Amino acid sequence: MFTVFIVGTAGSGKTTLVSTFAEWLENNQYDVAIVNLDPAVEYVPYIPDIDIRDVVSARELMRKYKLGPNGSIIAAIDMLAVRAQEIKSQIMDIGANYVLIDTPGQMELFAFRSVGSVLINRLSMDRSAVVFVIDATQAQTPSGYVSSMLLALSTQFRFNMPQVNVLNKIDLLDRSVVDEILEWSEETDLLREALMSNQANKLEADLSVRLSDILTAIGTIPRPIPISAKTGEGLDALYRVLHNVYVGGSDYD
Ligand code: GTP
């Protein structure tokens, strides 16, 4: 059983990716289980095998305890962590090859609170990985790219698990723009140049250059895999990389 947690910023395409990747895996003869771990989501385009909203619903918590939208998500995630073992047993009972876990939309309420990593660690099986979804439309500017990679890196540190970064929504960009983003991840000089060409906001350019130097110094972030969760482009590449993680490696470049 291989558990894959799909994590990313709000609206980056986590839910869509869970849906299309599950379909892709099923078309390739894998048994897939889907777990919805987002207590606040209103609609999902897939039929979850386990839906956390059946255990705890952020909407109900809002009503019952008079909480705001974020407070109710925090309370829901805390409650889930307590019941993680029960949820894990339910996942194991399904007995699928692949378990895709859709995580809360507001990633900062989940990934950057210690209870989020507790929950992920409690739900992990022998083999687990995180897929971090980067929204290509946000990463198409040099400073947007740096912010996205910093978020990817902080998630990697938080969860301390093999992580694969994907650049989603490439169907919305020209191929030349996608190629440029991918080049930034390989040629740090090109990224630097692009950042410094931002004459309109010198402060942002300076800060981004410094941050990109930190990313370069750490040097552990592989090139993101370009995909479209909408059209299915790149899902075969994502599968191959996850397969490498599953059989033992975690570097994918
Ligand atoms: P939250 O959980 O609400 O934070 O969102 P999410 O990260 O699960 O994103 P979701 O899958 O709901 O997608 C957000 C919007 O982006 C939806 O309108 C999707 O149809 C759209 N979307 C997701 N992936 C793609 C993609 O690859 N291409 C395009 N064009 N749109 C996409």
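Bear in mind that the values here come from a model prediction, so they are computed numbers and not experimental data. (Residues numbered from 1 in each chain as written. Predicted model: local features only at pLDDT ≥ 70, side-chain atom pairs only at ≥ 80, totals over all residues. Heavy atoms only, no water.)

Further remarks concern the site of the ligand. Within the structure, the ligand sits among 17 residues, and G11, K14, T15, T16 and D171 are positioned closest to it. With respect to the ligand, the side chain of K169 contributes an N or O atom lying 3.3 Å from an oxygen atom. For the ligand, an oxygen atom lies 2.9 Å from a polar atom in the backbone of A229. The class makeup of the residues in the shell around the ligand is three nonpolar, nine polar and five charged. (Near = heavy atom within 4 Å. Polar contact = N/O pair within 3.5 Å; in protein donor to acceptor, adjacent residues only side chain to side chain. Nonpolar A, V, L, I, M, F, W, Y, C, P; charged D, E, K, R; others polar.)

Remark: a regular strand shows side chains that alternate across the two faces of the sheet. The buried count for strand β2 (residues 32–36) comes to five of five residues, which makes it a mostly enclosed element. Burial of the side chains of β2 extends over both faces: V32, I34 and N36 are buried on one face and A33 and V35 on the other. Note: β2 against strand β4 (residues 98–102), five bridges, orientation parallel. Within the sheet, the bridge partner assigned to V35 lies in β4 and is I101. Sheet topology places β2 next to strand β3 (residues 50–51); two bridges connect them, and they run parallel. Note on β3: the bridge partner recorded for V35 is I50. (Buried < 20%, exposed > 50% of the residue type's maximum accessible area, 1.4 Å probe, protein only. Helix = DSSP H or I, 4+ residues; strand = E, 2+ residues; numbered from the N terminus. Pairing = 2+ DSSP bridges.)

The next subject is the confidence of the model for the protein chain. Here the protein chain averages 90 in pLDDT, while 96% of its residues score no lower than 70. Of the two predicted TM-score estimates for the complex, the pTM is 0.93 and the ipTM is 0.98. (pLDDT = per-residue confidence, 0-100.)

Take helix α9 (residues 175–186) next. Helix length check: α9, at twelve residues, gives a terminal C-alpha distance of 17 Å against a target of 16 Å (1.5 Å per residue), a fit within 8%. Against the buried residues of α9 lie α7 (136–139), α8 (142–159), β6 (163–168), α10 (188–196) and β7 (225–226). (Expected span 1.5 Å × (residues − 1). Contact = heavy atoms within 4.5 Å.)

Contact geometry for helix α4 (residues 84–94) and helix α6 (residues 114–123): axes closest at 9 Å, N-to-C directions at 35°. Note that α4 runs across α6; the crossing there is right-handed. Residues A84, I87 and K88 of α4 form the contact with α6, whose participating residues are L119, R122 and L123. Its residues assigned to classes, the contact of α4 with α6 comprises four nonpolar, no polar and two charged. (Axes fitted to C-alpha atoms, helices over the stretch in contact; angles between N-to-C directions. Left-handed = near helix turned anticlockwise from the far one by under 90°.)

Here we take up the side chain of S143. Turning to its location among the elements, S143 is positioned in helix α8. For S143, a relative accessible area of 15% gives the class buried. In this structure S143 touches L195, E204 and S208, once residues within four positions along its chain are discounted.

On to the environment of V7. Within the secondary structure layout, V7 lies in strand β1 (residues 2–8). Sequence-wise, V7 and V118 are 111 residues apart; in three dimensions their C-alpha atoms are separated by 15 Å. If we skip the residues at most four places from it in the chain, V7 touches K14, T103, M107, V130, V131, F132, V133, T155 and F159.

So, on to the packing of aromatic side chains. Counted by the stated rule, this structure contains eight aromatic pairs. Aromatic pair F21 and W24: ring centres 6.1 Å apart, planes at 20°, arrangement stacked. Note that F21 and W24 are positioned in helix α1 (residues 14–27) at a spacing of three residues, about one turn of the helix. Here F21 falls in the buried class, since its relative accessible area comes to 1%. By relative accessible area, which is 21% here, W24 ends up partly exposed. A ring pair is formed by Y30 and Y239, whose centres lie 5.6 Å apart and whose planes are at 45°; its orientation type is tilted. One end of the pair, Y30, is in the loop between α1 and β2; the other, Y239, is in helix α12 (residues 235–246), and 209 residues separate them in sequence. (Phe/Tyr/Trp six-rings, centres within 6.5 Å; stacked < 30°, edge-to-face > 60°.)

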